[in-house]
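# Examining the three-dimensional arrangement
Residues per chain are reported as follows:
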Amino acid sequence: MKTVMRKAMVAAAALCLSTGAVGAEVVKVGVIGPFSGPFAGAFGTPFRQGVETYVAMHGNKVGDAEVQFIYRDIAGPDPQKARSLAQELVVKDKVQYLAGVVFTPNAMAIAPLSQSAKVPMVIFNASTSVVVSKSDYFVRTSNTLPQVTVPVAKYALDQGIKSAITIVSDYGPGIDAEKAFSKTFEQGGGKIVDSIRMPLSTTDFGPFLQKIRAAEPESLFAFLPFGPPTYGFVKAYNDNALEQAGIKFLGTAETQESDLQALGDGAVGLETAYFYSGAHDSPENKAFVDALKKLDPNAIANPATVSAFDGAHVIYKMVEATAGKADGPKAVDAVKGMSWESPRGPVTIDAGTRDIVQNVYMRRVEKDADGKLVNREFKIYEAQPDYGLTLGE
Amino acid sequence: MELIFSILIDGLAYGMVLFIISVGLSITMGLMRVVNLAHGVFAMLGGFFMVAIVSRLGLRPELAALLAAIGVGMLALPMEKLLFRKVYGRSELQQVLLTIGLVFIGIAAVGTVFGNSLLAVPLPEYLRRSVDIGFRVVPLHRLAVVAAGLVVLCGLWLLLAKTRFGINIRAAVDKAKAAEALGIDTSRVYQLGFMLGAALAALGGILGAELLPLEPYYPLKYLVLVLAIVAVGGMGSVFGSFIAALVLGTVETAAKYLMPEIASIMFYLTMLVVLSWRPHGLFGRQL
Amino acid sequence: MTTFNNERTLGFRRASRPGVRRNFGELPFMPEACVAVIGLAAMWLMPGDLSFLTRIITSALFVLSLDLVLGYAGIVTLGHAAMFGVGAYAAGVYAIHVTAEPLSGLLMGGLFGGLIALATGAVLLRTHGLTCLMMTIAIAQILLEVLNKWRSLTGGDDGLSGIMVEPIFGVIEFDFFGRVGYLYSLAVLILCFWIMRRLVRSPFGLTCIGIREDRFRMTALGASVYKHTLLMYVAGGIFAGIAGALMAQTTQVVGLSSLGFTWSAEALVMLVLGGMGHLWGAIFGTILFMVVHHFASAIDPFKWMFVIGALLVAVVLLFPEGLVQAIRKLAVRQIARMSKRGTS
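The text that follows walks through the structure, step by step, so that each part is easy to find. By convention here, each chain's residues receive numbers from 1 onward along its written sequence. Here the convention is simple: chains get letters from A, ligands get numbers from 1, in the order in which they are written. Only residues with pLDDT of at least 70 get local features here, since the model is predicted, and only at 80 or more are side-chain atom pairs given and counted; chain-wide, interface and lining totals rely on the full set of residues. To obtain the side-chain values, all non-hydrogen atoms of the structure were used and water was disregarded.

## A few points about a positive patch on the surface
For clarity, the cut-off: Residues forming no salt bridge and having over 30% relative accessible area are the ones grouped into patches, like charges within 9 Å of each other and nonpolar side chains (Val, Leu, Ile, Met, Phe, Trp, Tyr) within 5 Å. Values of accessible area rely on a 1.4 Å probe in the Shrake-Rupley scheme; residue burial ignores everything except the protein chains shown. One side-chain nitrogen of Lys or Arg within 4 Å of one carboxyl oxygen of Asp or Glu is enough to make a salt bridge. For the charge count, each Lys or Arg is scored as positive and each Asp or Glu as negative, with His and the chain ends excluded. For this purpose, a charge sits on NZ of Lys, CZ of Arg, CG of Asp or CD of Glu. We count a stretch as a helix when DSSP gives it H or I for four or more residues in a row; a strand needs E for two or more, and each element gets its number in order from the N terminus.
Residues R333, R337, K340 and R341 of chain C make up a contiguous surface patch of positive charge. On the secondary structure map, R333 of chain C appears in helix α14 (residues 323-343).

If you want it as structure tokens, here you go:
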């Protein structure tokens, strides 16, 4: 008796939940990200904005199917919660696709679920190389750390820089970046004078920069997480007059748009390598930024926004390939090897690794006509794959 | 040799910032015996008030800092009357919970009004340079912080040793009941002491903004740091906070220079060792 | 705080005395049965939320262990998550490198949680007040850093993933929907709850309550304060370790945040909301907190912090003994009023 009752309740609920015209499928996508907390500004809000911009530009229908995005909040690295959220989304909300995820531990926690339930997940950020291999249904539209680090090492060698000190925050991505830079730099004949790993909780970077200054290398390569650490580090770099001492600053995501204005004039001249600059000069980017500003005039186009935007594109293509039905293997197969022109430049989803292959740009921080700080691209490294695999861990 | 000097200089600057922020807590905890985890909220509010004053009223940063500190002190008065007073003498757990609740409310209020990002505190022009002292460069604002810390230390010493108010505070810290019996209005002393503590915290928040960036989660992030200084220094002892801040600041700085990977472990380990050896802190008193 | 509330003198009443009417809570296994009923009802009513419900169960077990330490041994700690996290990693590493058998995994978690509690408690319990609090925080932070550095074993901040769980008793397999995981957790919770209830009603437990109420009197009576509080602290550590192991097994991943300050603080809030010192408060507070969090944090994170902050302030100022006691008092007063009306 109880089971009949329960089935009736479930059927009634399902009936209430179905929206749209009769016969239309609703394809739900669960987006997991930090929509609250300290990472909301750099990732959570951009994720949402990127997705909503794509929907504004392309509508929410793919064929007969209506795509619906559900957002779930996870404020920081919390593998247990990530897995719980993913499980709820798949079992309770019946999403066909998962998306988002900023932190590697969270992605790792969701991997077994994605694999056993055959639910594809499009990763909007988690950049450690190994992540995308943890499930056959993971696709990444952001970047990997080695992918953006190898070009900056090459650039340094091209500029005739012979010695460097790596200084990274002591956590997974930092260590990945340190290894990628060191290997590439040394392979090209450079010398790594010292490798410093700073505790994540460091607030006073002065001593570290003094140490570097005393060692007198030609450059330093830095990697820190977004927000207060990057801000503090760049300030300390300027305060301790390292540039005047001839120690060049090499970085990747430190000057990304959501933090750039707060860094102030001290950031002018810093050179970094990354896969997206808000000031990228292309018609696709212009259309993207315009649509974004229409959605929210205060929105800033940063790498996370464009990763989400492209991620939404991948999801739409997957829905199209499966005609709105839940078929993980078919969906992922459809996007393997897919290429398109993203606001960041030409991109391809690698057929073997399901990772993104894209241009990486060397940029310099400058002031634009309005006096705002932008990352001005001046050199392109084309079609960079994930170097994490070729360099070895 | 240069390394040792570098460690001392940076450790001193870092320690001074910690001292200014924490000394207010040491006074209030010693005075009212209330475990006040919400102290960081005052520091954070100091920074936010100052930025608001500079941007809305266009005043000079130094003046804005002073006004912000006074403003926070005034804000502390009703908080003392309405909230903290209720938990004097109650169990430490209750105080922890009340003040954690206040921390959450503070974070929520600031976060809702200012949003989630970092707040940059404007520096006066003349402090934006760096001074070359031969083997290294020292940012001028660090020296300014060290100077400010010494001024605060001397000022507090004068206050406590030479003024009537100071004598009343010391009496209330030592033996509240006896002080009352002698006619000292202890609740007034508590009020003023609390305001002083909050104003000092605000000042510390402003001066330390380069090292401890201001953002809504500030009180929670640096809570442990501040409590550590007070615990190691001994509640109620200004000099204790000073020494503790310098010791802990220098230890962490030295670790950053010499063994960066375990710098934060060194901080906590030092705290543990000191507290095991002297459970009431370096200069604390037996209750 | 020297009032002896009826509940606390329960141990002196031998339930087998004829003619004595038992308290509801005194009936054998009644509280455990209540928990079982609530748990099963939850599963029936919300079959899609099982991972959330499982998280509530592992959290409830953790908060119960905190109640032993705080409510029964009287130690204010903001570092209890250390034992939880160590237990979780122990179970995880055990599952990956030794055997994925779940029940022994739980014991591993409990063992390591207890060992850490023993080692750290020996130092901690010589101190009181703020110093003790600071040391609990320092110890948890140091353990977190150590586990963080030990990347080869724990995966560092990437977390320990890929924890497999073999079928329970070799037969019952963990399913994808989380049903088996939920029932497994519920069973573990009920068993641990039963053990804890027996513990706090035992002579040992009563001595601890006495120590919490009045240290000096108990010392005068000849009880060793240090030994008793240490043992209760270790008991708290063991159950925290089991809770951690349970979490590791049901979510198949362990992160550094399981040792974090935030987790310790949240557990404290949950315990206080429900009320400490009678185990029920822990369960009730956990459910309340996590349910509200689940719904509220979807709206706005800062509003959530505001709600929790206001709740804490309200509890301290208005209901210092926790919500369970407040509700109970209210209920008692209502019943008394109604019975008076009945007889007048």
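On we go from here.
## Thoughts on the environment of M276 of chain C
Definition in use: Residues are treated as being in contact if the distance between any of their heavy atoms lies within 4.5 Å.
Note that M276 of chain C resides in the loop between α11 (261-274) and α12 (280-296). For the pair M276 of chain C and P167 of chain C, spaced 109 residues apart in the sequence, the C-alpha separation amounts to 36 Å. Other than its neighbours up to four places away in sequence, M276 of chain C contacts L93 of chain B together with D67, L70, G71 and L271 of chain C.

## Points about the interface of chain C and chain B
Rules: Summed over both partners, the accessible area lost on bringing two parts together, with a 1.4 Å probe, is the buried area. N or O atoms within 3.5 Å of each other form a polar contact, as long as, within protein, one can give a hydrogen and the other can take it, and as long as residues adjacent in sequence are counted only when both atoms are side-chain atoms. Residues are grouped as follows: Ala, Val, Leu, Ile, Met, Phe, Trp, Tyr, Cys and Pro are nonpolar; Asp, Glu, Lys and Arg are charged; all remaining types, including Gly, are polar.
Tallying the contact residues gives 33 residues for chain C and 41 residues for chain B. Interface area, chain C with chain B, both sides summed: about 3,400 Å², of which 84% is carbon and sulfur. Area buried by chain C at its contact with chain B is led by L130, F302 and M305 of chain C, which between them contribute 20% of it. Linking chain C with chain B are zero salt bridges, by the criterion used here. One can count two residue pairs in polar contact (both at pLDDT 80 or more) joining chain C with chain B. Looking at the side of chain C that touches chain B, the elements that each hand over two or more residues are α5 (129-149), α11 and α13 (301-318) of chain C. By residue number, the principal contributor to the side of chain C that touches chain B is α5 of chain C, which donates 14 residues. Across the side of chain C that touches chain B, the residue classes tally to 26 nonpolar, five polar and two charged.

## Quick notes on the interface of chain B and chain A
Chain B puts 28 residues into the contact, and the matching count from chain A is 24 residues. Summing the contributions of chain B and of chain A, the shared interface buries around 2,200 Å²; its carbon and sulfur component is 55%. Joining chain B to chain A, the criterion identifies zero salt bridges. In this assembly, chain B and chain A are joined by one residue pair in polar contact (both at pLDDT 80 or more). When contributions to the side of chain B that touches chain A are tallied by element, the ones reaching two or more residues are α1 (2-32), β2 (137-139), α5 (140-162), α11 (238-258) and α12 (263-277) of chain B. Residue composition of the side of chain B that touches chain A, grouped by class: 14 nonpolar, six polar and eight charged.

## Here we look at helix α2 (residues 40-58) of chain A
Residues and elements named next belong to chain A. Cut-off, in case you're wondering: A helix is expected to span 1.5 Å multiplied by its residue count minus one. To obtain the bend at a residue, axes are fitted to the seven residues ending there and to the seven starting there, and the angle between these axes is taken. Here's how the labels work: a residue is buried when its accessible area is under 20% of the maximum for its type, exposed when over 50%, partly exposed in between, all with a 1.4 Å probe on protein chains only.
Over its 19 residues, α2 extends 25 Å from the first C-alpha to the last, a length consistent with the 27 Å expected when each residue adds 1.5 Å. The largest bend in α2 is about 30°, located at P46. Of the positions making up α2, those classed as buried are A40, A42, F43, G44, P46, F47, Q49, G50, V51, T53 and Y54. Contact partners of the buried residues in α2: β1 (26-33), β3 (65-73), β4 (97-100), α9 (257-263), α10 (283-295) and α11 (303-322).

## Details of the pattern of salt bridges
Here the idea is simple: oppositely charged side chains can pair when their charged atoms come close. Counted under the stated rule, the structure contains 20 salt bridges over all chains. The salt bridge partner of E213 of chain C is R212 of chain C, with a shortest N-O separation of 3.0 Å. Note on accessibility: E213 of chain C and R212 of chain C belong to one class, buried. Residues participating in the shared-partner salt-bridge network are D170 of chain A together with E145 and K149 of chain C.

## As for the environment of F319 of chain C
Residue and element names in this part refer to chain C. Looking at the element boundaries, F319 is found in the loop between α13 and α14. A relative accessible area of 35% places F319 in the partly exposed class. On a C-alpha basis, the gap between F319 and G275 in space is 9.2 Å, while along the polypeptide they are 44 residues apart. Dropping the residues within four chain positions of it, F319 is found in contact with A314 and A326.

## Focus: the pairing of β4 of chain A
Residues and elements named next belong to chain A. Applied cut-off: Strand pairing is assigned whenever DSSP identifies at least 2 bridges connecting the two strands. Looking down the strands as they point away from you, a crossover is right-handed if its path from the first strand over the helix to the second goes clockwise.
Burial along β4 is two-sided: Y97 and A99 and L98 and G100, pointing in opposite directions, are all buried. Taken together, the four bridges between β1 and β4 define a ladder with parallel strand orientation. Its bridge partner lying in β4, V31 is registered against A99. As paired elements, β4 and strand β5 (residues 121-123) share three bridges and run parallel to each other. Each residue of the ladder has a partner; that of G100, found in β5, is I123. In the classification by handedness, the crossover that spans β4, the intervening helix α4 (residues 104-117) and the parallel β5 is right-handed.

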